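Topology and contacts: notes
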Amino acid sequence: MGENTLNVIDQVKAKIAEIQPSLPEGMRIVPFYNQTDLVKKAVNTLTRVLIEEFILVSIIVVAFLGNVRSN
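Presented here is an overview of the structure given in this document.

About the cut-offs
- Residues numbered from 1 in each chain as written.
- Predicted model: local features only at pLDDT ≥ 70, side-chain atom pairs only at ≥ 80, totals over all residues.
- Heavy atoms only, no water.
- Helix = DSSP H or I, 4+ residues; strand = E, 2+ residues; numbered from the N terminus.
- Buried < 20%, exposed > 50% of the residue type's maximum accessible area, 1.4 Å probe, protein only.
- Contact = heavy atoms within 4.5 Å.
- Expected span 1.5 Å × (residues − 1).
- Axes fitted to C-alpha atoms, helices over the stretch in contact; angles between N-to-C directions.
- Parallel < 35°, antiparallel > 145°, perpendicular 65-115°, else oblique.
- Left-handed = near helix turned anticlockwise from the far one by under 90°.

Details of the environment of leucine 23
Positionally, leucine 23 belongs in the loop between helix 1 (5–19) and helix 2 (36–65). On the basis of relative accessibility, which here comes to 21%, the residue leucine 23 falls in the partly exposed class. With sequence-adjacent residues up to four places away left out, leucine 23 is seen in contact with Arg28 and Ile29.

Here it is, written out as structure tokens:
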């Protein structure tokens, strides 16, 4: 709770790689749900939307003021 999801996923992957050699012959750990792509896509979407909104708000402010500087 309250941790960076990508850091936790990286730590789990590192621990699995550390444990893998000590497992019995023929046994391996296989992740079945990896949130890495989901988290990266969500962060990229949020970044893109924030940039778009900043540009839109800037255009609206300039349009209402009629000037970049407020006198």
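Observations regarding helix 2
Here helix 2 contains 30 residues, and its C-alpha end-to-end distance of 44 Å stays within 8% of the 44 Å for a straight helix at 1.5 Å per residue. In the stretch just after helix 2, glycine 66 is the one whose phi turns positive, near 75 degrees.

Brief notes about the packing of helix 1 against helix 2
Remark: helix 1 packs on helix 2, axes separated minimally by 10 Å, with the N-to-C direction vectors making an angle of 155 degrees. Between helix 1 and helix 2, the crossing angle belongs to the class labelled roughly antiparallel. The handedness of the crossing between helix 1 and helix 2 is left-handed. Contact residues: Thr5, Leu6, Ile9 and Lys13 in helix 1; Thr36, Val39 and Lys40 in helix 2.

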